[in-house]
Amino acid sequence: MRHVGTLGLLGTGVIGGGWAARALHFGVDVIAADTRPEMEQWLRGAVENAAGALGRLTSAPLPRPGRLSFTTDLDAMARQADFIQENIPEQLELKQRVLAQVSRQAAADVAIASSTSGLMPTDLQRNLQHPERLLVAHPFNPVYLLPLVELVGGVRTSAATIDAAAVFFTRIGMHPLRVRREVPGHLTDRLQEALWREILHMVNDDIATTGELDDSIVYGPGLRWAAMGTNLIYHLAGGETGMRHMLRQFGPALKWPWTHLEAPELTEALIDKMVSGTQAQAAGRSIRELERLRDDCLVAIQQVLKQYNIGAGATLRALEERLHREAAVAGGSADQTAPGRD
Ligand SMILES: NC(=O)c1ccc[n+]([C@@H]2O[C@H](COP(=O)([O-])OP(=O)(O)OC[C@H]3O[C@@H](n4cnc5c(N)ncnc54)[C@H](O)[C@@H]3O)[C@@H](O)[C@H]2O)c1
């Protein structure tokens, strides 16, 4: 796999826009392709919106920002990119068709990654030329501030592809999490969906509103989750004997069980309750306003976690240390992206 000077984006909606903002900020050129020409203006707006929070994330010396170009010609993008990240709608046949098309244009040493939230890489690489360079690289919204990216290989993905992708994503400030085995929904969305199904059940059964359920996370477990995940937190909750005691104490409840496994039917009544509930929570604030508030909190949280060198804060600290080292090597002018730095 080659050094990534230019990132090619396929699809420039919410996720494509987030990838663009992150890559440009960390000095990578971006050539973005979308079938809808009006997406160029949307994309440039998305990059501009992200710039404020991204600019506050770190004061370490950054490389010169990348350059952004846009095209509706997917083949032209594929011929110019050193790494392709696909972000088109979550439909298997569409992704298979477009990925296969792009793979016929991209050189064999160009990795092709899909942002898919839950599709399996083995299905996505089926009709590809050089299928060994296809992987899932699943990011989280907002891509420009959340460091997690799940890397998943299919049966034909080479280890070298996953390694090269991990190097690239680390360079742009991310935390690559290698998923050992492909499963629908990867790791995080499988967990998030379990929570979301319970939310839908409790709203459907009039047990709680969307706001009350969000409070049940925001004032409690959500604060813990930024530093330690459920497993380590439960280990602490078991006292001196840790996880063993925790399982003994709450094991029976797992069998009752407290949770519903099947999702409820998405009836119009349930959809109305979810929509009116979240509108009440938004309290007249626009999506853009709420995004800015979320982003400011995400920056502040990562800076605090950096002091304790934990979770996303450890990623930020390692990134800053590397940026300082590179700036020192470049003699104080940190605007060089020398090939081979990968
Ligand atoms: N939204 C999220 O929170 C989130 C998080 C992680 C991963 N994802 C995944 O990222 C992918 C994109 O999601 P999104 O939310 O950005 O969707 P989106 O609808 O915002 O954007 C999709 C874009 O793809 C473009 N497109 C459609 N067909 C195309 C084609 N043939 N060639 C090029 N462009 C095409 C559309 O014009 C649109 O701009 C999905 O696979 C989704 O599962 C989404």
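Reading the values: the criteria
- Residues numbered from 1 in each chain as written.
- Predicted model: local features only at pLDDT ≥ 70, side-chain atom pairs only at ≥ 80, totals over all residues.
- Heavy atoms only, no water.
- Helix = DSSP H or I, 4+ residues; strand = E, 2+ residues; numbered from the N terminus.
- Contact = heavy atoms within 4.5 Å.
- Pairing = 2+ DSSP bridges.
- Axes fitted to C-alpha atoms, helices over the stretch in contact; angles between N-to-C directions.
- pLDDT = per-residue confidence, 0-100.
- Core = buried A, V, L, I, M, F, W, Y, C linked by side-chain atoms within 4.5 Å.
- Buried < 20%, exposed > 50% of the residue type's maximum accessible area, 1.4 Å probe, protein only.
- Near = heavy atom within 4 Å.
- Polar contact = N/O pair within 3.5 Å; in protein donor to acceptor, adjacent residues only side chain to side chain.
- Areas by Shrake-Rupley, 256 points an atom, 1.4 Å probe, with all protein chains shown as cover.
- Nonpolar A, V, L, I, M, F, W, Y, C, P; charged D, E, K, R; others polar.

Attention now moves to the environment of Leu 316. With respect to the secondary-structure elements, Leu 316 resides in helix α14 (residues 312-329). Along the sequence, Leu 316 and Leu 232 sit 84 residues apart, while their C-alpha atoms lie 21 Å from each other. Once you skip the residues sitting within four places of it in the chain, Leu 316 turns out to touch Leu 57, Thr 58, Gln 302, Gln 303 and Lys 306.

Another point: the sheet that holds strand β1 (residues 6-10). Taken together, eight strands build an open sheet; the order of strands is β3-β2-β1-β4-β5-β6-β7-β8 and the sheet is mixed. Of all strands in the sheet, those bounded by a partner on one side alone are β3 (68-71) and β8 (175-178). For this sheet, the mean angle separating the axes of adjacent strands, direction not counted, is 25 degrees. Judged from the five bridges that link them, β1 and strand β2 (residues 29-33) form a sheet pairing that is parallel. Pairing of Thr 6 across the sheet is with Asp 29, part of β2. Packing against the sheet, helix α4 (residues 92-105) makes contact with β1, β4 (83-86), β5 (111-114) and β6 (134-138), and its axis sits at approximately 165 degrees to β5.

To continue, consider the confidence of the model for the protein. Of all residues in the protein, 97% attain a pLDDT of 70 or more, and the chain-wide mean is 94. Across residues 333-342, where pLDDT falls below 50, the model places 23 contacts with residues more than four positions away in sequence or in other chains.

Moving on to the nonpolar core. Counting 44 residues, the largest nonpolar core has Val 30, Phe 83, Leu 151 and Phe 169 as its most contacted members. Looking at this core element by element, the count peaks at seven residues for helix α2 (residues 39-57). What Phe 169 contacts, discounting residues up to four positions off in sequence, is Trp 19, Phe 83, Gln 85, Ala 137, Val 149, Leu 151, Met 174 and Pro 176. In this structure, Leu 10, Ile 88, Ile 112 and Leu 134 belong to the second largest nonpolar core, which totals 22 residues.

Time to look at the site of the ligand. Taken together, the neighbourhood of the ligand is formed by 22 residues, with Ile 15, Asp 34, Glu 90, Lys 95 and Ser 117 sitting nearest. The backbone of Ile 15 places a nitrogen or oxygen atom 2.9 Å from an oxygen atom of the ligand. Bound to the protein, the ligand loses 77% of the 840 Å² it would expose on its own. When contributions to the shell around the ligand are tallied by element, the ones reaching two or more residues are α1 (14-25) and α4. Of the residues belonging to the shell around the ligand, the class tally is eight nonpolar, 10 polar and four charged.

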